[in-house]
Protein chains: 2
Amino acid sequence: MSIVMRRLNFVDPDFQAALKKLLDVDSVSSESSELDSVVSSIIADVREKGDEALLAYTQKFDSLDCASVNELKLSKNRLEQAFLTINEKQRTALETAKKRIEQYHEHQVLPEWRFDDEYGHSLGQQVKPIQSVGMYVPGGKASYPSSVLMNAVPAKVAGVENLVMVVPTPKGEINELVLAAAFLAGVDQVFTIGGAQAIAALAYGTETIPSMNKIVGPGNQYVASAKKQVFGKVGIDMIAGPSEILIYCDGNTNPDWIAMDLFSQAEHDEMAQAMLISESEIFFNQVEEAINRLITVMPRADVILKSLESRGAFILVENQQQAISLIDEIAPEHLELSFEREEAESLCKKINNAGAIFIGRASAETFGDYCAGSNHVLPTYGSAKFSSPLSVYDFVKRTSIINLNEKNIDALVNVASELAQAEGLTAHSEAALLRRTDSE
Amino acid sequence: MSIVMRRLNFVDPDFQAALKKLLDVDSVSSESSELDSVVSSIIADVREKGDEALLAYTQKFDSLDCASVNELKLSKNRLEQAFLTINEKQRTALETAKKRIEQYHEHQVLPEWRFDDEYGHSLGQQVKPIQSVGMYVPGGKASYPSSVLMNAVPAKVAGVENLVMVVPTPKGEINELVLAAAFLAGVDQVFTIGGAQAIAALAYGTETIPSMNKIVGPGNQYVASAKKQVFGKVGIDMIAGPSEILIYCDGNTNPDWIAMDLFSQAEHDEMAQAMLISESEIFFNQVEEAINRLITVMPRADVILKSLESRGAFILVENQQQAISLIDEIAPEHLELSFEREEAESLCKKINNAGAIFIGRASAETFGDYCAGSNHVLPTYGSAKFSSPLSVYDFVKRTSIINLNEKNIDALVNVASELAQAEGLTAHSEAALLRRTDSE
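Cut-off values and rules
Residues numbered from 1 in each chain as written. Chains lettered and ligands numbered in written order. Predicted model: local features only at pLDDT ≥ 70, side-chain atom pairs only at ≥ 80, totals over all residues. Heavy atoms only, no water. Helix = DSSP H or I, 4+ residues; strand = E, 2+ residues; numbered from the N terminus. Buried < 20%, exposed > 50% of the residue type's maximum accessible area, 1.4 Å probe, protein only. Contact = heavy atoms within 4.5 Å. Areas by Shrake-Rupley, 256 points an atom, 1.4 Å probe, with all protein chains shown as cover. Lys, Arg positive; Asp, Glu negative; His and termini not counted. Charge placed at Lys NZ, Arg CZ, Asp CG, Glu CD. Buried area = accessible area lost by both parts, 1.4 Å probe. Salt bridge = Lys/Arg side-chain N within 4 Å of Asp/Glu carboxyl O. Polar contact = N/O pair within 3.5 Å; in protein donor to acceptor, adjacent residues only side chain to side chain. Nonpolar A, V, L, I, M, F, W, Y, C, P; charged D, E, K, R; others polar. Arc of directions from axis to C-beta. Pairing = 2+ DSSP bridges. Axes fitted to C-alpha atoms, helices over the stretch in contact; angles between N-to-C directions. Parallel < 35°, antiparallel > 145°, perpendicular 65-115°, else oblique. Left-handed = near helix turned anticlockwise from the far one by under 90°. Core = buried A, V, L, I, M, F, W, Y, C linked by side-chain atoms within 4.5 Å. Least-squares fit on C-alpha atoms with pLDDT ≥ 70 in both. Phe/Tyr/Trp six-rings, centres within 6.5 Å; stacked < 30°, edge-to-face > 60°.

Draft legend 1. Spatial organisation of the overall build of chain A. A count of helical and extended segments in chain A gives 17 helices and 15 strands. Among the 440 residues that make up chain A, the fraction classed as buried is 61%. For chain A, the proportion of contacts with a sequence separation of at least 24, taken over those separated by at least 6, is 74%. For chain A, the accessible area works out to roughly 16,500 Å², and carbon and sulfur atoms hold 48% of it. The centroid of the 38 positive side-chain charges in chain A is displaced by 4 Å from the centroid of its 61 negative side-chain charges.

Draft legend 2. Focus on the interface of chain A and chain B. Contacts between the two partners involve 120 residues from chain A, matched on the other side by 120 residues from chain B. Where chain A abuts chain B, roughly 10,500 Å² becomes buried across the two surfaces, and 56% of that area is made up of carbon and sulfur atoms. Contact with chain B buries surface across chain A, with Phe386, Arg398 and Arg435 of chain A losing the most and accounting together for 8% of the total. The interface formed by chain A and chain B holds ten salt bridges in total. The tally of links between chain A and chain B comes to 74 residue pairs in polar contact (both at pLDDT 80 or more). The element contributing the most residues to the side of chain A that touches chain B is helix 5 (residues 88-105) of chain A, with ten residues. Taken together, the residues that form the side of chain A that touches chain B break down as 54 nonpolar, 35 polar and 31 charged.

Draft legend 3. Structural view of helix 4 (residues 76-85) of chain B. All names here are of chain B. When we look at burial in helix 4, the residues that qualify are Arg78, Leu79, Ala82 and Phe83. For helix 4, the buried positions fall inside an angular range of 145° around the axis, keeping them on one side. Exposed side of helix 4, more than 90 degrees from the buried face: Asn77, Leu84 and Thr85 are the residues found there.

Draft legend 4. Representation of the pairing of strand 11 (residues 273-278) of chain B in the model. Residue and element names in this part refer to chain B. In terms of residue burial, strand 11 counts as a mostly covered element, since six of its six residues are buried. With burial as the criterion, each face of strand 11 is covered, one bearing Gln273, Met275 and Ile277 and the other bearing Ala274, Leu276 and Ser278. Bridge count for strand 10 (residues 244-249) against strand 11 is six bridges, and the pairing is parallel. Residue pairing in the sheet places Ile247 in a bridge with Leu276 of strand 11. The pairing of strand 11 with strand 12 (residues 313-316) spans four bridges and is parallel. Looking at the pairing, Leu276 lines up with Phe314 of strand 12.

Draft legend 5. Expanded view of the packing of helix 3 (residues 51-62) of chain A against helix 8 (residues 195-204) of chain A. All names here are of chain A. One way to put it is that helix 3 packs onto helix 8 with a least axis distance of 9 Å and a crossing angle of 160°. Judged by the inter-axis angle, helix 3 sits roughly antiparallel to helix 8. For the pair helix 3 and helix 8, the crossing hand works out as left-handed. Counted together, Leu54, Tyr57, Thr58 and Phe61 of helix 3 and Gln197, Ala198 and Ala201 of helix 8 form the full contact between these two elements. Split by residue class, the contact of helix 3 with helix 8 holds five nonpolar, two polar and no charged.

Draft legend 6. Here's a closer look at the nonpolar core. With 140 residues, the main nonpolar core has Met165 and Phe367 of chain A together with Met165 and Phe367 of chain B as its most contacted residues. The contacts of Met165 of chain B, once residues within four sequence positions are left out, are Met135, Val137, Val148, Val178, Leu179, Ala182, Val187, Gln189, Val190 and Phe191 of chain B. Grouped together as the second largest cluster of nonpolar side chains are 32 residues, Tyr57, Val166, Ile199 and Val230 of chain B included.

Draft legend 7. Examining the pairing of strand 15 (residues 396-403) of chain B more closely. Buried residues dominate strand 15 of chain B, accounting for eight of its eight residues. Of the two faces of strand 15 of chain B, the one carrying Val396, Arg398, Ser400 and Ile402 of chain B and the one carrying Lys397, Thr399, Ile401 and Asn403 of chain B are both buried. Bridge count between strand 14 (residues 356-359) of chain A and strand 15 of chain B: four bridges; the pairing is parallel. Considered in strand 15 of chain B, the bridge of Phe358 of chain A is made with Ile402 of chain B. Where strand 4 (residues 122-129) of chain B lies against strand 15 of chain B, eight bridges are found, and the strand directions are antiparallel. Across the sheet, residue Gly124 of chain B finds its bridge partner in strand 15 of chain B, namely Ile401 of chain B.

Draft legend 8. Representation of the relation of the copies chain A and chain B. Expressed as a screw transformation, the operator carrying chain A onto chain B has a rotation angle of 180° and an axial translation of 0.0 Å, and the superposed copies differ by an RMSD of 0.0 Å. Such a combination of rotation and displacement between the chain copies is what one expects of a two-fold axis. For chain A, the smallest separation between a C-alpha atom and the rotation axis is recorded for Leu110 of chain A, amounting to 4.4 Å. Same-surface contact between copies: 100% of interface residues of chain A are shared with the interface of chain B.

Draft legend 9. Quick peek at the pattern of salt bridges. For the coordinates displayed, the defined rule picks out 38 salt bridges over all chains. Ionic pairing is found between Asp117 of chain B and Arg100 of chain A, a salt bridge with its closest N-O pair at 2.7 Å. One end of the pair, Asp117 of chain B, is in the loop between strand 3 (113-116) and strand 4; the other, Arg100 of chain A, is in helix 5, on a second chain. Judged by its relative accessible area of 3%, Arg100 of chain A falls in the buried class. The shortest N-O distance in the salt bridge between Glu345 of chain B and Arg114 of chain A comes to 2.8 Å.

Draft legend 10. Structural view of unusual backbone geometry. Not every positive phi belongs to a glycine, and Ala331 of chain A is a case in point at roughly 50°. Positionally, Ala331 of chain A belongs in the loop between helix 13 (320-330) and strand 13 (334-338). Here Lys171 of chain B, not a glycine, exhibits a phi torsion of approximately 55°, which is positive. Relative to the assigned elements, Lys171 of chain B resides in the loop between strand 6 (162-166) and helix 7 (176-185). Under the relative-accessibility criterion, Lys171 of chain B is labelled exposed at 70%.

Draft legend 11. Broad picture of helix 7 (residues 176-185) of chain A. Residue and element names in this part refer to chain A. Counting buried positions over the ten residues of helix 7 gives eight, a clear majority of the element. Within helix 7, the full set of buried residues consists of Leu177, Val178, Leu179, Ala180, Ala181, Ala182, Leu184 and Ala185. Sitting at the amino-terminal end of helix 7 is Asn175, which places a side-chain oxygen 2.9 Å from the backbone nitrogen of Leu177. Immediately beyond the C-terminal end of helix 7, within one or two residues, lies Gly186, with a positive phi of roughly 85°.

Draft legend 12. Structural view of the side chain of Ser338 of chain A. Residues and elements named next belong to chain A. Positionally, Ser338 belongs in strand 13. At 2.7 Å, the side chain of Ser338 forms a polar contact with the side chain of Thr253. Among all residues touching Ser338, those that are not within four sequence positions of it are Ile247, Tyr248, Cys249, Asp250, Thr253, Ile258 and Arg361.

Draft legend 13. A look at the sheet that holds strand 7 (residues 189-191) of chain A. Residue and element names in this part refer to chain A. Pairing within the open sheet is mixed, and its six strands lie in the order 2-7-6-5-8-9. For this open sheet the edge positions go to strand 2 (73-74) and strand 9 (235-236), each flanked by a neighbour on one side alone. Each of strand 5 (132-136), strand 6 (162-166) and strand 8 (214-216) is contacted by helix 8, which is oriented at about 175° to strand 5, the strand it contacts most.

Draft legend 14. Structural view of the packing of aromatic side chains. What the rule picks out here adds up to 16 aromatic pairs over all chains. Arranged with centres 5.9 Å apart and planes meeting at 5°, the rings of Tyr57 of chain B and Phe61 of chain B form a pair that is stacked. Of this pair, Tyr57 of chain B and Phe61 of chain B both sit in helix 3 (residues 51-62), four residues apart, which is roughly one turn of that helix. Ring pairing ties together the aromatic residues Tyr104 of chain A together with Trp113 and Phe115 of chain B, which thus form one cluster.

Scope: geometric values only; no functional claims are made or implied.
So this is what it looks like as structure tokens:
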């Protein structure tokens, strides 16, 4: 069990082509229209038959036999019981993580504002929480309590009053830590349903499941397809791709730390991507040695090796300018700047595109996954070029406020009627002209 | 030419069913998979053949014969020439509108922030403009200079450095006011291309057209389908539905004003929706009289009448509480609260769901379309329940910043390793443990 890491060189003539190939996941994760049509029929079924369809799919996919959807509802008492019965270390860890996530996200409360212009017109923006949000939590092995906190806490900081969690429990298998996290985060209701049928129920409502304004949370490809299909009826968060880490290091960080940080991304998934940029080939040798030594004690060694072989790389650059342009081009989900903290801070300001930046040698990406306080739901696959981490902003909506002073409106009447006429919209022009102060 | 307005009553037993039917546009505007596949092949073609495909489609759809895409590029001089040759009233109107839109949107600059926690860990968010944005502007009759300002100004306030506009010019027909608005707003490049081929070029780039990080702006159904299909490769703004206005009036506003405000929505499109809520049937009679009197002088009377007949309504309520719950359920794109300003202000605070709220009798929706300063790109079709007006926020992206103090890291190590172990992610746990202060 050993690996020779792929090495690329920024100044090679074929570097861009090699990088493009390495970054591309379209070829492997292309959408399946067959899957989409299966999901589409599940959604139609739940829309039409409500609870009845939901029960049938839950019986089929999760082997749960229920006479009523109410049997799939977990009480607040049941959540509290989970919180009280997990071991104390876990409870304390969840509490600390929750407190820190809350502390971070409280900085994201979007202000309402108003201003008066020179005519005494008052303009502004009103901000309100989204009234109801559905949160999907995967079942089985990918059922992560940290994801519950990362989705629920910003929703609650935003002021969402009705937060409904769904989590499949195949054959009744339930993750107590997930329920404990839901209790701690203040989730309002929990239903043990999953898959496309759960997304359909949250989007359209059934006799028992209330319909939501927005649906967030990760899921498998059926869940992702269902979220895409109900988008428009409800809001959704991003559709996440495989996880990625890009580390830029000056070569002076302990190679074991770098190797383990690469592993901690690669262990998620064979399609995860872990890459290291440096100006030092000697450092690449050291990290490769560490990888081959440390891999032997990793329970998920198979997954890690497959990920590193198919999508990992060491990329040699000549200087910081090359590194920065490369980082902006890749737009990684996680970026570690493994330098002394001061140098990393000054580098950080020059980066345009990244989901989260970990500054300094101690700031391992794993802290961001659990307890630094920032969100671990981050833009993947280059989408950091145009999108952002999950946040409180995603759980509010803004309304523009226009309150015009009728005594001083003529200047605006002239502008609106002039432009409306130029656009051939007569009623728009007349609606303005009727408000002229001398029009009556 | 006259109309009897549909009247609904909030307390009727069949009100909800009637409202649901009235709000539903799915039946008429259902997506066509045939159209999607035409668009899909255009995108594939442009991706593969670049400029060559773009020239062929521009020849086919816009009857423009060019040897090179460079011939479709408009110089900054050409834009300035448009700005200088439109008439002075129009130029002044554009300038005033632009200044006011800028003034409003400057309040939306998203702050960067940092805080130090009790351990000396520094956490925050970095904010940068999206590096490149493509802006679609429709050709022909729907080519609105106001839309150019509403999309381009917030992008420029956000700091977008590379803003590329595309606008089709079928048979060479060009709207000088659109070019003038582009000049005024500081658009960086303009290409006279349109349709799905223009969206494909902006998303994937060709030899001549640079690829963009995000694409915004309205378009026909081919453009909308193309935007949906390239989403993921690039960011997009919302896909807008037919425009809507909902007016809530105490019955004391001039009925002509209300009638004209309903017209100014209805004249956009036969599928546009204009509705009036009041507690007064007598007021409904007065507005109906005004509608039938004023419609006779409207050049777009046909469109207005079709819109009012198929999707318009007067809705009777008994009190403000009913009105507010109805407004939140409809979640209108535009809401006029046609009351005295003080009363409208207090009502406004109780509204959860609306794209823009126009407060007081003088605040006609038309001012929001052109020159109040707020954005006229607003969530339609109930999506104000979960989404917001176009804004400066849509042209920036955030990066989470995590800078941990290595001397004080053990508390976080414990939390991260505890939760990582509970999730079965060994490398995550080890990556934290390696940073313990006593681990070396």
